[in-house]
Structure formats: C-alpha cells, structure tokens
Amino acid sequence: MLTRMQYDILLASARSLQALLKEMQSEAELFASANTLQRVEVCLLVMAQTLTHLPKPMQARLVQVDWHGWSCLEALLEKNAHPRRAEVWYGTQSLVPMTLELLATLRRQEPVWFEIGY
C-alpha cells in the first residue's frame, strides 16, 4: 500500500510539473517567472523526497534512475542553495521523464508492488 501511495505522489507531482511547464517555450521563460519556478521546485522536491523513501528492493530494481542527480537536487532544494538553475532544468527535462518511464516499466514487470493491498 505504501509503495502505491508513493507512486501516486510521484505521478501527481509529475502531472503538476507538466501543467506548469506546458506553456513554457524555453528555459529562460521558466526562470523569469518566480511564482512558477517556486511551484516547479516544490514538485521536484516532493518527487526527490518520495524517491528517497521508496523501498530498497524497488530502488534496487530501478538501477537506471539517476539517484545521484535526484540526491543532489534534493539537497539543493532543501537547503535553498543557489545557484541551482542547471540542476532544476535537468530535473524537469531529464530526471522526471526518465524516472517516470522507468517506474512505468517496473510497474508492468511487478504489478503486485503497485497494488493497493500490497
């Protein structure tokens, strides 16, 4: 059940990110909008923290996830460290899509892990 809730949190955060970035035309546009950037960073932090707490067997099966990238992004966002423009952009353009793709693949391979009653 916990794994399914974590998966749902990741999907909801990714959908929020997608909605926030949908109308953006460039990296510069995102970083010019302080309110949007703040909301994007919150979504990225939620995703990073959720991934950190995935069960170890699941993390072990997600070997292609850029765990180092997520860890660095999480630390920067938690400490409110600057500059972090490159890391935030990398998160939105690479970390999120690749991680979701890998989770979808794992869900097809291990559907029981994602059931409500697991």
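Overview of the structure. (Residues numbered from 1 in each chain as written. Predicted model: local features only at pLDDT ≥ 70, side-chain atom pairs only at ≥ 80, totals over all residues. Heavy atoms only, no water.)

**Examining the nonpolar core**
In globular proteins that are soluble, nonpolar side chains generally tend to be buried together. Val40, Leu44, Leu62, Trp70 and Val88 are the most contacted members of the largest nonpolar core, which totals 33 residues. Of all the elements in the fold, those that place two or more residues in this core are α1 (2-21), α2 (27-32), α3 (34-52), α5 (67-79) and α6 (85-109). Sort the elements by how many residues they give to this core and α3 lands first, with eight residues. Setting aside residues up to four positions removed in sequence, leucine 44 forms contacts with Leu17, Trp70, Leu73, Leu77, Val88, Gly91, Thr92 and Val96. (Core = buried A, V, L, I, M, F, W, Y, C linked by side-chain atoms within 4.5 Å. Buried < 20%, exposed > 50% of the residue type's maximum accessible area, 1.4 Å probe, protein only. Helix = DSSP H or I, 4+ residues; strand = E, 2+ residues; numbered from the N terminus. Contact = heavy atoms within 4.5 Å.)

**Side note on the packing of α1 against α6**
α6 packs onto α1 with a crossing angle of 140 degrees between their chain directions and a minimal axis gap of 11 Å. α6 is crossed by α1, and the crossing has left-handed handedness. Every residue of α6 that contacts α1 at Arg4, Tyr7, Leu10, Leu11, Ala14, Leu17 and Leu21 is listed here: Thr92, Val96, Leu100, Leu103 and Arg107. Of the residues belonging to the contact of α1 with α6, the class tally is nine nonpolar, one polar and two charged. (Axes fitted to C-alpha atoms, helices over the stretch in contact; angles between N-to-C directions. Left-handed = near helix turned anticlockwise from the far one by under 90°. Nonpolar A, V, L, I, M, F, W, Y, C, P; charged D, E, K, R; others polar.)

**Things to note about a nonpolar patch on the surface**
On the surface, Met1, Leu2, Met5 and Ile116 cluster together to form a nonpolar patch covering roughly 400 Å² of accessible area. Note on methionine 1: relative accessible area 48%, which makes it partly exposed. (Patch = residues over 30% accessible without salt bridge, like charges linked within 9 Å, V, L, I, M, F, W, Y side chains within 5 Å. Areas by Shrake-Rupley, 256 points an atom, 1.4 Å probe, with all protein chains shown as cover. Salt bridge = Lys/Arg side-chain N within 4 Å of Asp/Glu carboxyl O.)

**What to know about α3**
Here α3 contains 19 residues, and its C-alpha end-to-end distance of 27 Å stays within 8% of the 27 Å for a straight helix at 1.5 Å per residue. Within α3 the residues assigned to the buried category are Thr36, Leu37, Val40, Glu41, Cys43, Leu44, Leu45, Met47, Ala48, Thr50 and Leu51. Residues of α3 that are buried make contact with α1, α2, α4 (56-61), α5 and α6. (Expected span 1.5 Å × (residues − 1).)

**Some thoughts on the pattern of salt bridges**
Taken as a whole, this structure holds four salt bridges when the rule is applied. With a shortest N-O distance of 3.1 Å, arginine 4 and aspartate 8 are connected by a salt bridge. Of the two residues, arginine 4 and aspartate 8 are both situated in helix α1; the distance of four residues between them amounts to about one turn of the helix.

**Structural notes on the environment of threonine 105**
Its place among the elements puts threonine 105 in helix α6. For threonine 105, a relative accessible area of 28% corresponds to the partly exposed category. Between the C-alpha atom of threonine 105 and that of leucine 62, which follows or precedes it by 43 residues, the distance is 9.5 Å.

**Brief notes about the packing of α3 against α5**
Closest axis-to-axis distance for the α3/α5 pair is 9 Å, and the angle between their directions is 125 degrees. Compared by their axis directions, α3 and α5 come out oblique. Between α3 and α5 the crossing geometry is left-handed. In contact with Glu41, Leu44, Leu45, Met47, Ala48, Gln49, Leu51 and Thr52 of α3, α5 contributes Trp67, Trp70, Leu73, Glu74, Leu77 and Glu78. Residue composition of the contact of α3 with α5, by class: nine nonpolar, two polar and three charged. (Parallel < 35°, antiparallel > 145°, perpendicular 65-115°, else oblique.)

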